[in-house]
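Listed here are the chains, written in short residue letters.
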Amino acid sequence: MKARGWLVGLALAALVLLPLFVQGTYYRFLGIVVFIYGIVAVGLNILAGYAGQLSLGHAALMAMGAYTTAILTKALAPVAFFAVTGLHIWLGVIAGTAAAAAFGALLAFPALRVRGPYLAMVTIAFGWVIFKVLQEWVSVTGGDLGLAAIPKAQIGPYIFDTQNFYYVVLALFAVALLLQQRLVGSQIGLAIRAMKHSEIAVSSVGINVHRLKVLVFVISAAFAGFGGTLFAHQQNYISPDNFQFFSSVFFLLAVLFGGAGTLLGPAIGAAVLTLLPEMLHDFEKFRLIVYGGFILVTLYFLPNGVMGLLERRGAAPAGGRSARHGVQPDFAATAGASLELDNVSKNFGGLQALRDVSFRVAPGSIHALIGPNGAGKTTLINVIAGFYRTDGGAVLINGQAANISSMHDAARRGVVRTFQTMKLFGDMTVLEHVLIGLACHSGAGFRLLGRVRAREQAARNLAAARELIALVGLSRFEQTPSSALAYGHRRLLEIARALAVQPKVLLLDEPAAGLITEEIASLAEIIRKLRAAGMTVLLIEHHIDLVVSISDRVTVLDYGAVIADGPPAAVQRDERVIAAYLGPAHALA
Amino acid sequence: MPLLEVSDLHIAYGALEVVKGVSFAIEPGEIVLMLGSNGAGKTTTMRSLAGLLPPARGRIAFAGVDTSRSPPHAIANLGLALVPEGRQLFPEHTVQENLELGAYRHLRRGRRAEFARSLEEVYELFPRMRERLGQPAGLLSGGEQQMVAISRALVSRPQMLLIDEPSLGLAPIPLRSIFDALLALKAGGLTVLIVEQMAWLGLEVCDRAYVLDNGTITLSGSAAEVAADPRVVEAYLGRPADRRRGATSDAPKQFGY
């Protein structure tokens, strides 16, 4: 990391000094183009690389920026005040960036419903509509002829030509890279990266995924629009042809080529893809074939892009066995809430998954929910945690109707769950998973700049995350990507992430699946600690020994209905429970 | 001659070595259990045997053929079938389609009669498969899905099965039927390597067992020997009094947790 910092510094120094050694404006002009495209690519990288939202409409967002500033500055240029101060240029840059950001928010709405290739289609359509509007709305945009005589960038009486604008755009490009780094390293950056892997899990820790998505689109569009404004003031002439579909493809290609989801990827991609065609002039009419072939071959051998190869995860998972009988830290005191289900029903089409389910989970108790596979246990958790709406009945928390509207709403109100089919964040580390869980209450979510308080908060979060990871016994795996964890360890990570949200009611969906006896014993110890701290735990589990040894009360579901409810020993004796679920092996005589 | 022979197997993810020199052999008709805590390298070994993860070093020989560099489909075609961790069914396809994909190497050559015969064997093992044939696999209960996963491997008419964690997420009754099915397969003479966290169940069906710890084999022996080893009792079985072998005990149990 440190070495890379030096390399980036060296590269910047080289870019600053380069113009002193080359003659003419040609190379400076090329540099400006690379930097502008780089800024747009950085924006797309945040959206597509980090957040996993594919866009093929970024040229249109760039156009929004370019046209807004062009129209505005052309209108204001005759005013003497602006001609003297040059303020209209910078007003235009701000307005253009804002206009693109607004359209980014608009573009986010389809992304709330569709994803992957469908989202790409929507963004293509968006780009096409903008392109057509630019062509047809002649009175404002100049139609196919475009807008000419756009003022050059200017501060006071000083007007930037290509020679000097090079340095301005270089500085702005460096700022864009820095902003990207800050964003990705922040709490919100963690959430953005997590969203790429599981939106459901992100909302389960109390983050409003819809808002997050709109925010990412706005940020990304702002970068594109900002790049567009610089483009307008550099070229002094823009037309719809500058912002065609192929330009959008170019930006996506630059991101993929350089390495999607890497800090420097978009810079490298934009540089190589801009400069390469210039270097291929010798090939004349075969130029584009060579260009295309080069990209094809590179992506074949470097499927994760140039930086993907260089950044290949150095963080190796720790070796050795899991911490057995290690000292677990205690869990901070929690005010556990009571959870009550009052005649809860849920239907899927004709299938009645839950029928008038009623039972009460006392605050600060461990309550087990058992039943055959397909009895509706996970459906019930989904209802309690706000993933499904009930079709009848109510969920009460501390005696009040909860009316939970969404998963993040549930999490914020202290109802937090783990997932039977685990939903972890792919290549993100164990530590990062738990830090995301802490985002809900730490309030550091939307702070981008490194203020002192934010830094203190980050230090507190780090300490809290480490403690939770130690609690579940994964300390040796802090830097391990979740995808490299063994099955049972992933389950423990799900618990640590949920605990980070500071639940009042914790819903555990088969936490012991895939654990060996010894590991289940430590899990039992953890759950007992949570109860001792005051937390309410609802546990779905098939390891009957675990259920019986730690639960205060057990509810049994079969075909969506409660068939037994009582202390473990009584449930184990129940004939219906033995017939439907336990079988003779686990029956208590 | 052993059907599967593994010598000095090393498997790594990038720089991290997960399996560090494992050697074992499985004779035809044997059921062998592999025990180990999470992260010990069991699933990694299974994946490597099935060709999903090429080993860094060492030799895997199946039916006399060196398969350490073979792609997964070639290994499957040699008759080594994997029932993967978490079942990995094709959830939107019907049970029949899942099974047809399992029998792909036979159906591709037009051996429908063979497939029909395999189906009959599957019905014998899991009578419920017959009525579930037309349903999407993803809508079945956990136990039934595990039955489909095992059946899908069986209809390829393998010489040997690799079964990774068949008990995952199963309620007690379906869990019992899965292990009863494994006992039936054992009686039929099938060779099986099984990874199972519920050690008492695994030890009930297997002939021999290995304990994998931190990427190396630390214990091996007959099922009875391994079950009696104090380390195994401590880590995998809990106190002996806690465990029963399918029978109802009359005294209230003490629990190991």
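What counts and how
Residues numbered from 1 in each chain as written. Chains lettered and ligands numbered in written order. Predicted model: local features only at pLDDT ≥ 70, side-chain atom pairs only at ≥ 80, totals over all residues. Helix = DSSP H or I, 4+ residues; strand = E, 2+ residues; numbered from the N terminus. Buried ≥ 20, exposed ≤ 12 C-beta atoms within 10 Å, placed from the backbone. Contact = placed C-beta atoms within 7 Å. Rg over C-alpha atoms; globule rule 2.2 N^0.38 Å. Domains from an automatic or database assignment. Expected span 1.5 Å × (residues − 1). Pairing = 2+ DSSP bridges. Axes fitted to C-alpha atoms, helices over the stretch in contact; angles between N-to-C directions. Left-handed = near helix turned anticlockwise from the far one by under 90°. Parallel < 35°, antiparallel > 145°, perpendicular 65-115°, else oblique. Nonpolar A, V, L, I, M, F, W, Y, C, P; charged D, E, K, R; others polar. pLDDT = per-residue confidence, 0-100. Right-handed = clockwise from strand over helix to strand, strands pointing away. Core = buried A, V, L, I, M, F, W, Y, C linked by C-beta atoms within 7 Å.

Participant: Outline the overall build of chain A, listing residues and values.
Facilitator: Summing up its helical and strand segments, chain A has 24 helices and 12 strands in all. Projected onto its principal axes, the C-alpha positions of chain A cover 95 × 50 × 50 Å. A buried classification covers 52% of the 589 residues belonging to chain A. Considering only contacts in chain A between residues 6 or more positions apart, those separated by 24 or more positions represent 76%.

Participant: Requested: an account of the overall build of chain B, with residues and values cited.
Facilitator: On a plain count of helices and strands, chain B comes out with 11 helices and 10 strands. Scaling as 2.2 N^0.38, a compact globule of 257 residues should have a C-alpha radius of gyration of about 18 Å, and chain B matches this with 18 Å. By its C-alpha atoms, chain B is 50 × 50 × 35 Å across when sized along the principal axes. Across the 257 residues in chain B, those meeting the buried criterion constitute 46%. Taking as baseline every contact in chain B between residues at least 6 positions apart, the subset at least 24 positions apart corresponds to 65%.

Participant: Give a description of the environment of Val192 of chain B that names residues and reports values.
Facilitator: Residue and element names in this part refer to chain B. Along the chain, Val192 turns up in strand β8 (residues 191-195). Counting along the chain gives 165 residues from Val192 to Glu27, while the straight-line C-alpha distance between them is 9.7 Å. Val192 has contacts with Ile31, Met160, Leu161, Ile163 and Leu185, leaving out every residue within four places of it along the chain.

Participant: Can you lay out the domain arrangement of chain A for me, pointing to particular residues and giving the numbers?
Facilitator: Residue and element names in this part refer to chain A. One can read the domain layout of chain A as domain 1 (26-245), domain 2 (334-414 + 503-589) and domain 3 (424-501). The C-alpha centroid of domain 3 is placed 26 Å from the C-alpha centroid of domain 2. Taken together, the contacts link 12 residues of domain 2 with 11 residues of domain 3. Contributions of two or more residues to the side of domain 2 that touches domain 3 are made by α17 (407-412), β9 (505-509) and α21 (517-532). The element best represented in the side of domain 2 that touches domain 3 is α21, accounting for three residues.

Participant: Residue-level account of helix α14 (residues 287-301) of chain A, with values.
Facilitator: With 15 residues, α14 of chain A extends 21 Å from end C-alpha to end C-alpha; this agrees with the ideal 21 Å at 1.5 Å per step. When you tally the buried positions in α14 of chain A, you get zero out of 15 residues, a small fraction of the element.

Participant: Explain the sheet that holds strand β10 (residues 216-222) of chain B to me, using residue names and the numbers behind them.
Facilitator: Note: strands within a sheet are paired through backbone hydrogen bonds, in either parallel or antiparallel orientation. Residues and elements named next belong to chain B. Here six strands make up an open sheet; going across it, the order is β6-β7-β8-β3-β9-β10 and the pairing mixed. Pairing within the sheet leaves two strands with one partner each, and these edge strands are β6 (80-83) and β10. Strand after strand, the sheet turns through a mean of 15° between neighbouring axes, direction not considered. Bridge analysis of strand β7 (residues 160-164) against β8 gives five bridges, and the strand direction is parallel. Looking across to β8, one finds that Ile163 is bridged to Ile194.

Participant: How would you sum up the environment of Val547 of chain A? Please name residues and give values.
Facilitator: In this structure, Val547 of chain A sits in helix α22 (residues 544-550). Separated by 177 residues in sequence, Val547 of chain A and Ile370 of chain A have C-alpha atoms that sit 8.5 Å apart.

Participant: How would you sum up helix α8 (residues 162-185) of chain A? Please name residues and give values.
Facilitator: Between the first and last C-alpha of α8 of chain A there are 34 Å, a value that for 24 residues agrees with the 34 Å anticipated at 1.5 Å per step. Turning to α8 of chain A, its buried residues number three or more, namely Phe165, Tyr166, Val169, Leu170, Phe173, Ala176 and Gln180 of chain A.

Participant: Describe the packing of helix α3 (residues 58-76) of chain A against helix α5 (residues 87-113) of chain A, and please don't skip the residues or the numbers.
Facilitator: Residues and elements named next belong to chain A. Axis separation between α3 and α5 bottoms out at 7 Å; the angle between their running directions is 145°. Regarding α3 and α5, the two cross each other, and that crossing is right-handed. Here Leu61, Met64, Gly65, Ala66, Thr68, Thr69, Leu72, Thr73 and Leu76 of α3 come into contact with α5, specifically with His88, Ile89, Leu91, Gly92, Val93, Ala95, Gly96, Thr97, Ala99, Ala100, Phe103 and Gly104.

Participant: Can you explain the sheet that holds β9 of chain A? Please cite residues and give values.
Facilitator: All names here are of chain A. Here we have six strands laid out as an open sheet, ordered β8-β9-β10-β5-β11-β12, and mixed in their pairing. Of all the strands in the sheet, the pair left with one neighbour each is β8 (415-417) and β12 (561-566). For this sheet, the mean inter-axis angle between neighbouring strands, taken without regard to orientation, is 20°. Across five bridges, β9 lies against strand β10 (residues 536-540) in parallel orientation. Paired with Leu508 across the two strands is Leu539, which belongs to β10. Here helix α16 (residues 377-384) sits on the sheet in contact with β5 (366-370), β8, β9, β10 and β11 (553-558), set at roughly 150° to β9.

Participant: Mind laying out the packing of α5 of chain A against helix α6 (residues 116-136) of chain A, listing which residues take part and the relevant values?
Facilitator: All names here are of chain A. Contact geometry for α5 and α6: axes closest at 9 Å, N-to-C directions at 150°. It follows that α5 is roughly antiparallel to α6 by the angle criterion. For the pair α5 and α6, the sense of crossing is right-handed. For the pair α5 and α6, contact is made by Leu107, Pro110 and Ala111 and by Leu119, Val122, Thr123 and Phe126, respectively. Residue composition of the contact of α5 with α6, grouped by class: six nonpolar, one polar and no charged.

Participant: Give a detailed account of the confidence of the model for chain B, specifying residues and quantitative values.
Facilitator: Residues and elements named next belong to chain B. Chain-level statistics for chain B give a pLDDT mean of 89 and a share of 93% at 70 or above. Counting contacts from residues 240-256, a segment whose pLDDT is below 50, to residues more than four positions away or on other chains yields 29 contacts. With pTM at 0.88, the complex prediction returns an ipTM value of 0.84.

Participant: Quick rundown of unusual backbone geometry? Include the residues and the values.
Facilitator: All names here are of chain B. Despite not being glycine, Asp8 shows a phi value in the positive range, around 50°. By secondary structure assignment, the location of Asp8 is in strand β1 (residues 4-13). On the neighbour-count criterion, Asp8 (12 C-beta atoms within 10 Å) is exposed. For Arg87, which is not a glycine, the phi torsion comes out positive at approximately 70°. By the C-beta count within 10 Å, which is 21 here, Arg87 ends up buried.

Participant: Would you mind going over the confidence of the model for chain A in detail, with residue names and values included?
Facilitator: This prediction gives chain A a mean pLDDT of 88; 94% of its residues lie at or above 70. Confidence drops under a pLDDT of 50 for residues 314-326 of chain A, and excluding neighbours within four residues, the segment shows 36 contacts in the predicted structure.

Participant: An account of the pairing of β1 of chain B is requested, with residue identities and associated values reported.
Facilitator: Residue and element names in this part refer to chain B. In terms of strand pairing, β1 meets strand β2 (residues 16-26) through eight bridges, oriented antiparallel. Residue Glu5 lies in a different strand from β2, and its bridge partner there is Ala25. In this antiparallel pair of consecutive strands, β1 and β2, the connection spans two residues, and Gly14 shows a positive phi of 60°. In this structure, β1 lies alongside strand β4 (residues 57-62), joined through five bridges in antiparallel fashion. Note that in β4 the partner of Leu4 across the bridge is Phe62.

Participant: Hey, could you go over the pairing of β10 of chain A for me, with residue numbers and the actual values?
Facilitator: All names here are of chain A. Within β10, five of the five residues are buried, leaving the element largely enclosed by the surrounding structure. On β10, burial covers both faces: Thr536, Leu538 and Ile540 on one face and Val537 and Leu539 on the other are all buried. Two strands pair when backbone bridges link them, and β5 and β10 are joined in this way by four bridges, in the parallel orientation. Considered in β10, the bridge of Leu369 is made with Ile540. Following the chain from β9 across α21 to the adjacent parallel β10, one finds a crossover that is right-handed.

Participant: Account for the nonpolar core, naming residues and giving values.
Facilitator: Counting residues in hydrophobic clusters, the biggest one holds 260 residues, and the most contacted among them are Val40, Ala63, Ala191, Val434, Leu468 and Ala496 of chain A together with Leu162 of chain B. Here this core takes 14 residues from helix α2 (residues 26-50) of chain A, the largest share from any one element. Residues in contact with Val434 of chain A, not counting those within four places in the same chain, are Ala465, Leu468, Ile469, Ala496, Arg497 and Ala500 of chain A.

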